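If you want the building blocks of each chain, they are given just below.
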Amino acid sequence: MEHLETIYQAVLDGDARGAEAGVKAALAGGVKPESILREGLIAAMGEVGRLFEANEYFVPEMLVSARAMKTGLAVLKPNLTAADATPAGKVIVGTVKGDLHDIGKNLVAMMLEGSGFEVVDLGTDVTPEKFVSAVLEHKPQVVGMSALLTTTMPSMGNTVKALESAGVRDRVKVMIGGAPVTDNFARQISADGYAPDASSAVRLAKSLIAAA
Ligand code: B1M
């Protein structure tokens, strides 16, 4: 579809204005927000990753593509979120220590908000200590951690241990996600669940709260 190709190409080119205009045109043309997200924006970031691995893109190209994706996402956000008067629960989200990737985490936060959750976003490079203080301060039902680097995945386990040491592990459910993370890894670090994408993260948060 023409609109989706335009969006895909704009993200690949790091063309933030093009991504913004593309998403607006696609919405006006009746393309479903989920298709814009998956087949346009997310598909393009996947290709950016492939090009980076192939040494055809470098960090500056990844950065401008990420900026274009974020600009497109900002236009899409109101269409992905639907106001709901009843809060479904409170979730703290953050990208773990040492990791600056925030697009996936932002998407998860956006979808949770759209499903009626109150979300406290701690940002990126979040230390285990900061997760613990946020749990004490905000009293969430769920703590959500994101990691995109294999080297930062251990920080998820360290955060679970820090929650245990602070005596607050049994007050929260821990869910994790991010490209290198797996269900098996979630079990290894004693997290309560793993979600492969933002929609599953919403379903997981709901089921964890329901089972609590
Ligand atoms: Co980086 N980077 N990056 N990067 N980068 C990856 C992750 C990489 C796979 C690229 C590659 O080699 N193919 C690779 C990691 C390799 C590895 O660890 N094995 C990599 C690398 C190496 C690096 C640097 C080390 C590069 C360098 O400096 N030499 C560096 C590290 C910086 C740091 O963090 N300390 C770096 C930097 C960057 C930029 C800053 C340039 C930029 C990030 C900008 C930003 O986020 N603001 C960037 C980008 C854009 C990427 C790629 C291309 C795209 C990531 C992305 O946004 N995807 C990425 C390649 C790739 O993933 N294919 C790559 C789109 C996003 C929607 O998907 O984040 O997977 P994702 O989120 C999904 C799911 O994973 C899930 O739901 C989301 C929506 O469906 N999910 C959750 C995510 N979090 C969740 C939490 C949940 C549940 C589900 O519950 C709480």
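Structural notes, computed from the coordinates. Computed from a prediction, not measured in an experiment: that's the story for all the values here. (Residues numbered from 1 in each chain as written. Predicted model: local features only at pLDDT ≥ 70, side-chain atom pairs only at ≥ 80, totals over all residues. Heavy atoms only, no water.)

1. Quick look at helix α6 (residues 128-138)
Here α6 has its buried residues at Pro 128, Phe 131, Val 132, Ala 134 and Val 135. For α6, the angular spread of the buried residues around the axis is 165°, confining them to a single face. Among the exposed residues of α6, those oriented more than 90 degrees off its buried face are Glu 129 and Glu 137. Buried positions along α6 lie against β1 (89-95), β3 (142-146) and α7 (154-165). Where α6 ends, the next residue or the one after it, Lys 139, has phi of about 50°, a positive value. (Buried < 20%, exposed > 50% of the residue type's maximum accessible area, 1.4 Å probe, protein only. Helix = DSSP H or I, 4+ residues; strand = E, 2+ residues; numbered from the N terminus. Arc of directions from axis to C-beta. Contact = heavy atoms within 4.5 Å.)

2. Quick word on the side chain of Thr 95
With respect to the element layout, Thr 95 can be found in strand β1. Owing to a relative accessible area of 0%, Thr 95 belongs among the buried residues under this scheme. Ignoring any residue separated from it by four or fewer positions in sequence, one finds Thr 95 in contact with His 101, Asp 102, Lys 105, Gly 123, Thr 124, Asp 125, Val 126 and Ser 146.

3. What about α7?
Since the α-helix packs 3.6 residues into each turn, any two residues three or four apart lie on the same face. With twelve residues, α7 should reach 16 Å at 1.5 Å per residue; the first-to-last C-alpha distance of 17 Å fits that figure. Turning to α7, its buried residues are Ser 155, Met 156, Gly 157, Thr 159, Val 160, Ala 162 and Leu 163. Buried residues belonging to α7 abut α6, β3, β4 (173-177) and α8 (183-188). Of the residues trailing α7, Gly 167 is marked for its positive phi of about 75°. (Expected span 1.5 Å × (residues − 1).)

4. Section: the coordination of the cobalt atom of the ligand
Coordination of the cobalt atom of the ligand by the protein comes from a single atom, His 101 (NE2), at 2.2 Å. Considering the arrangement of structural elements, one finds His 101 in the loop between β1 and α5 (103-114). (Donors = N, O, S within 2.8 Å, 3.2 Å for Na, K, Ca; no water.)

5. A few points about the site of the ligand
Neighbouring the ligand are 35 residues, the closest being Glu 53, Leu 100, His 101, Asp 102 and Ser 146. Within the backbone of Leu 100, an N or O atom sits 2.7 Å from an oxygen atom of the ligand. One of the side-chain nitrogen or oxygen atoms of His 101 is found 2.8 Å away from a nitrogen atom of the ligand. For the shell around the ligand, the residue count by class is 21 nonpolar, nine polar and five charged. (Near = heavy atom within 4 Å. Polar contact = N/O pair within 3.5 Å; in protein donor to acceptor, adjacent residues only side chain to side chain. Nonpolar A, V, L, I, M, F, W, Y, C, P; charged D, E, K, R; others polar.)

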